[in-house]
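# Architecture at a glance
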Protein chains: 2
Amino acid sequence: MSTGDTGVSASLHDHRLPMPVPVGEYDRCPVTDVLRRVSDKWTLLLITLLGRHPHRFNELHRAVEGLSPRMLTRTLRVLESDGLVEREVFPTLPPSVEYRLTPLGASLLEPLSALAEWAVAHHAEIVAVRQRTA
Amino acid sequence: MSTGDTGVSASLHDHRLPMPVPVGEYDRCPVTDVLRRVSDKWTLLLITLLGRHPHRFNELHRAVEGLSPRMLTRTLRVLESDGLVEREVFPTLPPSVEYRLTPLGASLLEPLSALAEWAVAHHAEIVAVRQRTA
DNA sequence: CTGAATCCATGTCGATACTG
DNA sequence: CAGTATCGACATGGATTCAG
């Protein structure tokens, strides 16, 4: 890299990342932005389910215990507005709506599973430390 | 996988993951748990900085514009209680404290950068869709 | 079946001031 | 230097009720 080590522009690994975040614009850090979207309560689970095959609204509703229609709709709408999920309405009676991952959404599965793999491998250790500290 | 396709135990990619989350215990999904910890406002940035080399409290404070001592302490404490960051106090006068990544914390850098790479590659597209939807 | 509307509890974060 | 204490604003998520 031509750029010197001034400032805090930081690499996680060997990639240059657009950090630090300018004042008041932390939401413009792409990584944190994506992270925040994916880490809310139901998003990861829904992405995972839709990664297997398309689902109808009530399929998702029934599949995820504890997920209310309100939160399901809300979460799907965010996913849709980020271009990760696609919504298709079939004008049947009663109506049915199908949700599927877009190519963009599907492309997220791989990096997510890298992190998922790390999480399942190390979660026990984290929990152990957490309790010792508590 | 011996288990059939009943239930919603889901794979992100080709890994079996401990989903779905039982009612009221979504915090026991390792992946979402890790995701939520890493995705708060300052954590990723601090992990990134500490991934380069150990830092003293005020070094971090000066490095990150907009980060208050309160949030810096808070974020570091969580990281510490999860075993990702180590805190070492030097009983000098005035006191100085150094923070560094633990091996566990360092091991997180690689899966994180996979996601980071995806984020920088696709964030523009997400933002574009987001605005079109808005 | 696929939602929308309303209200409320809790969590996250910032601002400000103070301390060993 | 390296924090703590207090307060309040805003975001997230749940419960309940209603609708096309």
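About the criteria used
Residues numbered from 1 in each chain as written. Chains lettered and ligands numbered in written order. Predicted model: local features only at pLDDT ≥ 70, side-chain atom pairs only at ≥ 80, totals over all residues. Heavy atoms only, no water. Axes fitted to C-alpha atoms, helices over the stretch in contact; angles between N-to-C directions. Helix = DSSP H or I, 4+ residues; strand = E, 2+ residues; numbered from the N terminus. Parallel < 35°, antiparallel > 145°, perpendicular 65-115°, else oblique. Left-handed = near helix turned anticlockwise from the far one by under 90°. Contact = heavy atoms within 4.5 Å. Nonpolar A, V, L, I, M, F, W, Y, C, P; charged D, E, K, R; others polar. Salt bridge = Lys/Arg side-chain N within 4 Å of Asp/Glu carboxyl O. Buried < 20%, exposed > 50% of the residue type's maximum accessible area, 1.4 Å probe, protein only. Pairing = 2+ DSSP bridges.

- The name an unreviewed UniProt entry gives chain A is Transcriptional regulator, HxlR family, with Micromonospora tulbaghiae as the organism.

### Details of the packing of helix α6 (residues 109-133) of chain A against helix α6 (residues 109-133) of chain B
- Where α6(A) meets α6(B), the closest approach of the two axes is 8 Å, and the angle between their N-to-C directions is 160°. One way to sum up the angle between α6(A) and α6(B) is to call them roughly antiparallel. Judged by the twist between their axes, the crossing of α6(A) over α6(B) is left-handed. Every residue of α6(B) that contacts α6(A) at P111(A), L112(A), A114(A), L115(A) and W118(A) is listed here: P111(B), L112(B), A114(B), L115(B) and W118(B).
- When grouped by side-chain class, the residues that make up the contact of α6(A) with α6(B) number 10 nonpolar, no polar and no charged.

### Description of the pattern of salt bridges
- Here the structure, examined in full by the defined rule, presents 12 salt bridges over all chains.
- The closest approach of N and O atoms between R100(A) and E86(A), which form a salt bridge, is 4.0 Å. Here E86(A) lies in strand β4 (residues 85-90) and R100(A) lies in strand β5 (residues 96-101), a separation of 14 residues in the sequence.
- For E88(B), the salt bridge goes to R100(B), with nearest N and O atoms at 3.4 Å. Residue E88(B) is found in strand β4 (residues 85-90), and its partner R100(B) is found in strand β5 (residues 96-101); the two are separated by 12 residues along the sequence.
- Given a relative accessible area of 25%, R100(B) falls into the partly exposed group.

### Let's talk about the sheet that holds β4(A)
Residues and elements named next belong to chain A.
- Read across the sheet, three strands follow the order β3-β5-β4 without closing on themselves; strand pairing throughout is antiparallel. Strands with a single pairing partner mark the edges of an open sheet, and in this sheet they are β3 (55-56) and β4.
- Sheet strands touched by helix α2 (residues 43-52): β3, β4 and β5. Its angle to β5, the strand with the most contacts, is close to 95°.

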